[in-house]
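One-letter residues, chain by chain:
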Amino acid sequence: MRSAEKDADAPSLYPSAFGAGTLGGIFRRSAALHAARSALWIDGAFITYGELLKASAGIARGLADAGFGDGASRCAILGSRGLIDYAGILGAALARCAYVPLNVRHPPQRLVRILHEAAVQAIVVDSNYLDQALAVLESIPHPLLVLFPDLAAPPDWAARLPQHRFLCRDALECSEPETLGEGSEDDGAYLLFTSGSTGAPKGVLVRNRNVTAYLRSVGARYAPRPEDRCTQLFDLTFDLSVHDLFLCWGAGATLYRVPDGARLAPRDFVRRHALTTWFSVPSTAAMMLGLRALRPADFPSLRLSLFCGEALPKRLARAWADAAPNSIVENLYGPTEATIALTAYRLPHPTDALPEVLPIGAPLPGQSALPVDASGDPADEGELCLAGTQVTDGYWQRPDLTAQRFVRFGWDRQDRVWYRTGDLVRRSEQHGLLFLGRIDRQVKIAGHRVELLEVEAALQAAAGANAAAVAWPIGPDGLARGIVGFVGQVTRPLADILAACRAELPPCAVPSAIHRIDDWPRSSSGKTDHARLREFLETKLCSKT
């Protein structure tokens with residue numbers, strides 16, 4: 001039996017579609033090779049590649065016939081990991097539209113802001129979320145093409161929105177998917193919005209050339225095959241979901257949409273379906289460990305276990321390796337701006353010599369990752385900068401932010417654009433890159449990037465007073481569990497301030513509690529003293545115990 005290391009690095013013996021230059025091309029080639037195989041398991045039903053191609057091609061035809069098949073258009077997807085959402089993503093890809101996923105759990109005004117920022121021309125709506133669709137569409141004055149692939153007729157409220165055009169099931173058919181254009185590697189693949197330090201989300205357009213470079217690298221590294229059964233845990237607004245979908249579908253494998261009720265503790269689901277590949281944020285594994293749902297030899301069917309989005313504690317990685325004894329375990333690292341993940345580190349055996357937080361390792365083929373010092377020169381320790389084919393063009397319609405983060409260095413003879421991540425790392429000859437933390441005030445909550453400055457902006461707007469936010473509590477694994485807010489002398493009830501935050505921020509960024517601080521703590525420079533605010537929380541916790 002070959003070692004797991006050799007298995008992962010060996011070229012796949014199975015035909016795959018990763019040679020295509022677009023996401024649409026990858027899926028279409030896979031559907032041609034595996035038409036009768038199951039592409040998706042969802043709510044107890046299997047959907048074949050042929051069936052999923054038919055559904056997505058109908059959406060693509062609707063978009064293309066409306067003039068949005070030019071490689072420069074954008075189509076929003078409103079749903080929550082439903083069949084319509086997956087078909088909508090593929091339909092946009094086949095039509096040469098960049099897809100813009102919308103999270104139905106986010107406040108309507110945030111979704112409206114994203115639609116405005118993205119300047120979308122169309123939106124695919126899952127009919128399970130008609131109330132959310134109405135709340136968004138009635139706030140959009142410019143015309144949109146609205147697609148309801150699972151409705152026979154538009155909802156009654158559509159008559160009140162004459163600025164929009166509505167297409168339903170019978171108008172979304174395409175009997176000849178091959179007539180849809182292949183597209184270009186320069187076309188936008190997807191446009192995601194991340195937390196912004198100014199209080200407004202930042203857009204990142206990932207082009208086909210960026211994401212197919214990533215898929216080719218991980219396709220060669222992990223050798224996915226048609227027999228694989230792959231987890232789909234991530235929200236579609238999280239770029240790690242792109243890995244879920246297209247690494248699986250490019251190999252002709254089956255994607256298992258983990259039900260919402262099992263996402264925090266999916267042990268039984270993985271065992272019942274004998275899944276072979278796992279991908280999640282470390283927080284999910286930490287939750288399972290805390291619930292005693294991560295026991296030795298729990299997951300003998302897994303052959304590949306990947307983690308990304310947060311620092312991965314060594315203790316947690318070892319517990320997972322014990323639970324999945326036949327699996328490779330890898331820690332991936334990468335921001336949205338560099339397309340899903342750009343470095344990887346494989347858990348060795350034994351693990352005694354490892355630091356307490358797993359290294360982020362070495363860059364994928366064709367990519368570069370190195371720390372620079374305050375002067376921008378290469379150093380053994382400093383801010384991590386990334387370059388290569390996965391690095392995107394910059395922030396959507398924000399040349400000011402792009403100029404700050406996407407830079408060139410005089411010492412780089414290739415004159416490449418480097419993305420400054422804001423992450424602090426140190427080089428290690430033995431382990432590659434070691435993650436040391438952030439150099440700014442960005443935190444990760446369950447893998448989601450949260451700018452504390454954005455939270456503070458929402459608090460300040462609601463309170464009309466001093467405001468601050470800290471990540472709290474920090475679990476024994478070193479991972480932030482949530483956010484706590486502080487406001488100065490206010491007359492507005494704290495419950496109202498919290499409600500205003502819920503209406504403005506995504507759920508992962510909403511403070512779990514807000515405290516009023518009359519004697520506002522300041523440092524010697526006059527800035528808010530966040531360390532004293534954390535001390536306040538620690539003291540409050542000690543007083544309860």
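Reading the values: the criteria
- Residues numbered from 1 in each chain as written.
- Predicted model: local features only at pLDDT ≥ 70, side-chain atom pairs only at ≥ 80, totals over all residues.
- Heavy atoms only, no water.
- Helix = DSSP H or I, 4+ residues; strand = E, 2+ residues; numbered from the N terminus.
- Rg over C-alpha atoms; globule rule 2.2 N^0.38 Å.
- Buried < 20%, exposed > 50% of the residue type's maximum accessible area, 1.4 Å probe, protein only.
- Contact = heavy atoms within 4.5 Å.
- Axes fitted to C-alpha atoms, helices over the stretch in contact; angles between N-to-C directions.
- Parallel < 35°, antiparallel > 145°, perpendicular 65-115°, else oblique.
- Left-handed = near helix turned anticlockwise from the far one by under 90°.
- Nonpolar A, V, L, I, M, F, W, Y, C, P; charged D, E, K, R; others polar.
- Phe/Tyr/Trp six-rings, centres within 6.5 Å; stacked < 30°, edge-to-face > 60°.
- Core = buried A, V, L, I, M, F, W, Y, C linked by side-chain atoms within 4.5 Å.
- Pairing = 2+ DSSP bridges.
- pLDDT = per-residue confidence, 0-100.
- Disulfide = S-S within 2.5 Å.

## Let's talk about the overall build of the protein
Looking only at helices and strands, the protein has 15 helices and 26 strands in total. The globule rule puts the C-alpha radius of gyration for 545 residues at 24 Å, and the 23 Å found for the protein is close to it. Within the protein, the proportion of its 545 residues that are buried is 59%. When contacts within the protein are restricted to residue pairs at least 6 apart in sequence, those whose partners lie at least 24 apart make up 66%.

## Quick look at the packing of helix 2 (residues 23–33) against helix 8 (residues 240–250)
Taken N-terminus to C-terminus, the directions of helix 2 and helix 8 make an angle of 40 degrees; their axes are 9 Å apart at the nearest point. With respect to helix 8, the element helix 2 is oriented oblique. Every pair of crossing elements has a handedness; the one defined by helix 2 and helix 8 is left-handed. Contacts from Leu 23, Ile 26, Phe 27 and Ser 30 in helix 2 reach Phe 246, Trp 249 and Gly 250 in helix 8. Of the residues assigned to the contact of helix 2 with helix 8, the class counts are 5 nonpolar, 2 polar and no charged.

## With respect to the packing of aromatic side chains
Counted under the stated rule, the structure contains 23 aromatic pairs. Taking the centre distance of 6.4 Å and the plane angle of 75 degrees together, the rings of Trp 157 and Phe 166 count as edge-to-face. Assigned by exposure class, Trp 157 and Phe 166 land together as buried. By way of ring pairs, the aromatic residues Phe 27, Tyr 49, Tyr 86, Phe 246 and Trp 249 are connected into one cluster.

## A look at helix 5 (residues 108–118)
For helix 5, the set of buried residues is Arg 110, Leu 111, Val 112, Ile 114, Leu 115 and Ala 118. Looking at the residues trailing helix 5, positive phi occurs at Ala 119, about 50 degrees.

## Considerations on the nonpolar core
Counting 88 residues, the largest nonpolar core has Leu 63, Tyr 190, Val 211, Leu 215, Phe 246, Trp 249 and Leu 332 as the members making the most contacts within it. Once residues lying within four places of it in the same chain are set aside, the contact partners of Leu 215 are Phe 18, Leu 23, Ile 26, Phe 246 and Leu 247. Among the nonpolar cores identified, the runner-up in size contains 33 residues, and Leu 115, Tyr 129, Leu 134 and Phe 166 belong to it.

## Concerning the sheet that holds strand 26 (residues 513–516)
Read across the sheet, 3 strands follow the order 24-25-26 without closing on themselves; strand pairing throughout is mixed. In this open sheet, the two edge strands, each paired with only one partner strand, are strand 24 (467–471) and strand 26. Taken over all neighbouring pairs, the strand axes of this sheet differ in orientation by 25 degrees on average, direction set aside. Pairing between strand 24 and strand 25 (residues 483–487): 5 bridges, direction antiparallel. Counterpart to Ala 471 in the pairing with strand 25 is Ile 483. This element, helix 13 (residues 452–463), spans strand 24, strand 25 and strand 26 of the sheet and lies at about 145 degrees to strand 24.

## Examining the confidence of the model for the protein
Taken residue by residue, the protein gives an average pLDDT of 91. The fraction at 70 or more is 94%. Under a pLDDT of 50 for its full length, residues 1–13 has, in the predicted model, 19 contacts with residues more than four places off or in other chains.

## Overview of the pairing of strand 11 (residues 254–257)
With burial as the criterion, each face of strand 11 is covered, one bearing Thr 254 and Tyr 256 and the other bearing Leu 255 and Arg 257. Pairing of strand 1 (residues 38–42) with strand 11, which is carried by 2 bridges, proceeds in the parallel orientation. Bridge pairing in strand 11 places Leu 40 opposite Leu 255. Relative to strand 11, strand 10 (residues 229–232) runs parallel, the two being bridged by 4 bridges. Across the sheet, residue Cys 230 finds its bridge partner in strand 11, namely Leu 255.

## A closer look at the packing of helix 3 (residues 49–65) against helix 4 (residues 83–94)
Interhelical geometry of helix 3 versus helix 4 gives an angle of 55 degrees and a closest axis separation of 7 Å. The angle between the axes of helix 3 and helix 4 places the two elements in the oblique class. As for the relative orientation of helix 3 and helix 4, their crossing is right-handed in sense. Residue-level inspection shows Leu 52, Leu 53, Ala 55, Ser 56, Ala 57, Ile 59, Ala 60 and Leu 63 of helix 3 in contact with helix 4, the latter providing Leu 83, Ala 87, Gly 88, Leu 90, Gly 91, Ala 92 and Leu 94. Residues that form the contact of helix 3 with helix 4 fall into these classes: 12 nonpolar, 3 polar and no charged.

## Considerations on the state of the cysteines
Here a disulfide denotes a covalent bond joining the sulfur atom of one cysteine to the sulfur atom of another. Counted by the stated rule, this structure contains 0 disulfides. Considering cysteine sulfurs only, Cys 308 is the nearest to Cys 385, which forms no disulfide, with 18 Å between them.

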